[in-house]
Amino acid sequence: MSKFWSPKVCELTPYVPGEQPRERLIKLNTNENPYPPAPGVEQALRNYPMSHLRLYPDPEATSLRNALAEEFGVKIDQVFVGNGSDEVLALAFQTFFRQDKPLIMPEITYSFYPVYCRLYDIEYRSVALDDNWQVPLQALSADSGGIVFANPNAPTGHGHSRTAIAELLERITECVVLVDEAYVDFDGESSVPLVKHYPNLLVTGTFSKSRSLAGLRLGYAIGSRELIEGLERVKNSFNSYPIDSLAIVAGVAAIKDREHFDSCRERVISTREQTRQRLEAFGFEVLPSQTNFLLVSHHKQDAGQIYAKLRERGILVRHFNTEALRDFLRITIGTDDEMDSLMEALEVICR
Ligand SMILES: *Cc1c(COP(=O)(O)O)cnc(C)c1O
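Residues numbered from 1 in each chain as written. Predicted model: local features only at pLDDT ≥ 70, side-chain atom pairs only at ≥ 80, totals over all residues. Heavy atoms only, no water.

Q: Please explain helix α3 (residues 62-72) as it appears in this structure.
A: Along an α-helix, residues three or four positions apart point the same way, because every turn accommodates 3.6 residues. For α3, the full list of buried residues reads L64, R65, A67, L68 and A69. At its buried positions, α3 is contacted by β2 (79-82), β8 (219-223), α7 (225-235) and α8 (245-256). Among the residues trailing α3, G73 stands out with phi positive, at a value near 65°. (Buried < 20%, exposed > 50% of the residue type's maximum accessible area, 1.4 Å probe, protein only. Helix = DSSP H or I, 4+ residues; strand = E, 2+ residues; numbered from the N terminus. Contact = heavy atoms within 4.5 Å.)

As structure tokens, then:
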């Protein structure tokens, strides 16, 4: 605390990201992709004319938005880009959810959402997950200031079908429904094709997970022109240039390489299913996952202790110290070799 801070700042509880360790650990704690970005990304960065860094980037990031528009089969004015999807989410909360009625979100979901609510003075209500750890779409009230959830959800891993999201949108027409698709490329079903039918649907995505570019900070939102225009208004009242020139060219190159993208996500999905079986054999309960992580709990051992013992052996996973998730570990899917090391460590710890 400091007397120099605005009073509101003293009340904030910032989001705490997963650790980025300095030592060499097998890093399975922040859902990064274990494979490198598309080869074209390196090419684009190497070929970038250094002298252009003298100039401000394109404030509209036109080439990147064009590439995304083509990828998703929408118009360029239905695409918004930001400095990571965290920034896109922050701008969306500010643009759409500062309403008289409370925002609705699941009780267990991306833990950044409540942080934005405090920052922007947004009142929110949370809804418990159902008995299968799924987001209870029927329980999300139409009489609210907005709806937000991740689909597939984090850190649980379950995703609803596009049909289920369409049913929700048939019912909820008077506020923005924000579907965060950070993990959709690992077996989820994207709701982007629904944006042409539902002007209140905003879908966000990121280059951090399925495109192996967490360090570049690129995220996007797809929605009706009306919603995107709102986001632009807020963005241009805050920072005209959130996407730097290098991120623009690298992002375009990443989008263009369909083959690399497909091969990386297929490898992650296949490793995930092998990992599931091996973890179950060690006595873990493993929730179904349409993402690049598994949420697991052990029937005998304490999750916090497994976390600590893995860390001693150079393996970092995520343990959330909250009431609802205390018994769980979230394990990011790494390479097959990394998963072998995890299993060797668990063999010692769990036997
Ligand atoms: C990782 C993640 C994000 C943030 O992604 P960035 O683009 O790296 O900011 C957003 N939502 C969810 C659910 C995530 O897991």
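Q: Any chance you could explain the site of the ligand here in plain terms?
A: By nearness alone, every residue bordering the ligand is listed as G84, S85, D86, L89, Y110, D180, A182, Y183, T206, S208, K209 and R217. Contact between the ligand and S208: an oxygen atom at 2.6 Å from a side-chain N or O atom of the residue. Taken by itself the ligand offers 390 Å² of open surface, and the protein chains cover 92% of this. With three residues, the top contributor of residues to the shell around the ligand is helix α4 (residues 85-96). Taken together, the residues of the shell around the ligand sort by class into four nonpolar, four polar and four charged. (Near = heavy atom within 4 Å. Polar contact = N/O pair within 3.5 Å; in protein donor to acceptor, adjacent residues only side chain to side chain. Areas by Shrake-Rupley, 256 points an atom, 1.4 Å probe, with all protein chains shown as cover. Nonpolar A, V, L, I, M, F, W, Y, C, P; charged D, E, K, R; others polar.)

Q: What's the story with helix α5 (residues 112-119) in this structure? I'm lost.
A: A large share of α5 lies buried, amounting to six of its eight residues. Residues of α5 that are buried make contact with α4, β3 (103-106), β4 (124-127), β5 (146-150) and β6 (177-180). Backbone geometry just downstream of α5 places D121 in the positive-phi region, at approximately 55°.

Q: Which parts of the structure should I look at to understand the sheet that holds β2?
A: Within a sheet, adjacent strands bond to each other through the backbone by hydrogen bonds, running parallel or antiparallel. Read across the sheet, seven strands follow the order β2-β8-β7-β6-β5-β3-β4 without closing on themselves; strand pairing throughout is mixed. The open sheet terminates on both sides in strands that have one partner only, identified here as β2 and β4. For this sheet the average axis-to-axis angle between neighbouring strands, irrespective of direction, equals 20°. Bridge count for β3 against β5 is two bridges, and the pairing is parallel. What sits directly across from I104, in β5, is I147. Strand contacts of α7: β2, β7 (201-206) and β8, with the helix running at about 30° to β2, the strand carrying the most contacts. (Pairing = 2+ DSSP bridges. Axes fitted to C-alpha atoms, helices over the stretch in contact; angles between N-to-C directions.)

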